[in-house]
Amino acid sequence: MLEKENTRLKLAFIGGGNNSAVGYVHFAASQLDNKFEVVAGAFSRDHKENQATGQRWSISSERIYDCWRDLIKAEKNHVDAMVVLTPTPHHIEVLEALLQADIPIICEKALVTGPSEIKRVQSCYNRSKHFLAVTYNYSGYAMVRELKHLIQKGTLGVIQKIHLEMPQEGFRRPPDIAGKPAMPQAWRLKDCEVPTICLDLGVHLHHLSSYLLELEPTHTIAQFTNHSQYPNLVDDAYLLLKYPNNIRGSMWMSKTAIGHRNGLKVRVYGDQGSACWVQLNPDELELNYNDGRREILDRAGQCQYANQFRYNRMKPGHPTGFVEAFSNLYSDIHTELLQFLSNSDEKSSYVFGVDQSSDGLNLFSAAKASVESEQWEVISK
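Small disclaimer: the values here were computed from a predicted structure and weren't measured.

Undergrad: When you look at unusual backbone geometry in this model, what are you seeing that I'm missing?
TA: A cis geometry characterises the amide bond from Lys-109 onward to Ala-110, with omega recorded as -15 degrees. By the secondary structure assignment, Ala-110 is in the loop between β4 (105-108) and α6 (115-124). A positive phi angle, close to 60 degrees, is found at Ser-58, a residue other than glycine. Locating Ser-58 in the fold gives a position in the loop between α3 (47-56) and α4 (68-75). Although it is not a glycine, Asp-102 adopts a positive phi angle of roughly 60 degrees.

Below you can see the structure in the form of structure tokens.
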């Protein structure tokens, strides 16, 4: 197995050019542990951007394609997977073409724009012959995985509440990147079957709740608001949630919360203790117990999960970050893709695909319905 684990798998990118919000992150994360090699791509519809991206990443000129359909046709038998990095509203046509060609897929979240498109994916998706992984990267953080381990171990007791939030300020204070204001991409300024903020931020919160609890919410009631200069757009959303086992929860996501660059926070409460993780301080997990004890657990502490070598590329005191978390997920995808290519049924507990994407989109569809009905709505399965 060691020899297989050292196998570099070949990737082709669809989207992800220099003018993409996520392309370079995927490229860097896939390279960090030397498990993947990007060998081809149709990176941008803009010819100059497409060529420039390929050259930046040392892709052979004959393997840079101006049309993603030409890429699929030419590279089908020469890569191990294709990575879908186009804007979410453009995913569906690419996914259908890749599934019809039986090419393994790694797809940037959100998989598609709503339940109706999920049904289109499911109609051509065969779990026995297709590989499809969606990159929910925040569960790649070592201390998030440590938190999951503590929950499973019963350290917090019986779980009662989970609260997740992801406030950002991008619609009120565009981020400054390399001295230039980064205005919102056009597709983010138009709502789809579910509000685009749910596709952009909400699916991460849903994934983290499902990952940590191993449960899906059953009911929701929501409030959608517009606080930005962009009309007819949900830019702030708050959901109350009911889970099985009498667990209650909430999710807050915003694009208009001035002061928050990315305020991702996860809080879990049990009857014996609680835990809080904040992305801007990623190597620490705050624990509180019902006997009054308080504890800050970090990678240098008595971790039972985050002390693995794979999560310690650099010693504690040098915080891990977003790209490292993304790379942890890419490493897990590498392991599962190797299993798939060798016709093994073994699955990773860290890699998620169509089912979780469907659950998340059903949640936000129910939230939209609850805004209209002003009452609790059942989340369909």
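Undergrad: In this structure, what is going on with the sheet that holds strand β9 (residues 219-225)? I would like to understand it.
TA: In any sheet, the strands associate via hydrogen bonds between backbone groups, in a parallel or an antiparallel arrangement. Strands sit in the order β15-β14-β13-β12-β6-β11-β10-β9-β16 across an open sheet of nine strands; the sheet is mixed. Among the strands making up the open sheet, the edge pair consists of β15 (294-298) and β16 (377-378). Bridge analysis of strand β14 (residues 284-289) against β15 gives five bridges, and the strand direction is antiparallel. Bridge pairing links Glu-284 to Asp-298 in β15. Most of the contacts of helix α7 (residues 142-153) go to β14, to which it runs at about 25 degrees, and overall it touches β6 (159-167), β12 (265-270), β13 (273-278), β14 and β15. Across the face of the sheet, helix α10 (residues 354-373) comes into contact with β9, β10 (236-242), β11 (248-254) and β16 while running at roughly 70 degrees to β9.

Undergrad: Please clarify how the side chain of Ser-357 should be interpreted in this entry.
TA: Take Ser-357: it is sitting in helix α10. There is a polar contact of 2.8 Å between the side chain of Ser-357 and the side chain of Tyr-136. In contact with Ser-357, other than residues within four places in its own chain, are Leu-111, Ile-118, Val-134 and Tyr-136.

Undergrad: I tried to follow α3 on my own but got confused; where do I start?
TA: Given 3.6 residues per turn, any residue in an α-helix points the same way as the ones three and four places further on. Among all positions in α3, only Asn-50, Gln-51, Thr-53 and Gly-54 are buried. Angular distribution of buried residues about the axis of α3 spans 160 degrees; they occupy a single face of the element. Structural note: α3 exposes Lys-48 and Gln-55 on the side pointing more than 90 degrees away from its buried face. If you follow the buried residues of α3, they end up packed against β2 (36-42). A side-chain oxygen of the first residue of α3 lies 3.0 Å from the backbone nitrogen of Lys-48; this N-cap is Asp-46. Ser-58, located one to two residues past α3, shows a positive phi value of around 60 degrees.

Undergrad: Quick question: what am I supposed to make of the sheet that holds strand β5 (residues 132-135) here?
TA: With parallel pairing, the five strands of this open sheet are ordered in space as β2-β1-β3-β4-β5. Both edges of this open sheet fall to β2 and β5, since each of them pairs with a single strand only. In this sheet, neighbouring strand axes are inclined to one another by 25 degrees on average, regardless of whether the strands run parallel or antiparallel. Pairing of β4 with β5, which is carried by four bridges, proceeds in the parallel orientation.

Criteria and thresholds
- Residues numbered from 1 in each chain as written.
- Predicted model: local features only at pLDDT ≥ 70, side-chain atom pairs only at ≥ 80, totals over all residues.
- Heavy atoms only, no water.
- Helix = DSSP H or I, 4+ residues; strand = E, 2+ residues; numbered from the N terminus.
- Pairing = 2+ DSSP bridges.
- Contact = heavy atoms within 4.5 Å.
- Axes fitted to C-alpha atoms, helices over the stretch in contact; angles between N-to-C directions.
- Polar contact = N/O pair within 3.5 Å; in protein donor to acceptor, adjacent residues only side chain to side chain.
- Buried < 20%, exposed > 50% of the residue type's maximum accessible area, 1.4 Å probe, protein only.
- Arc of directions from axis to C-beta.

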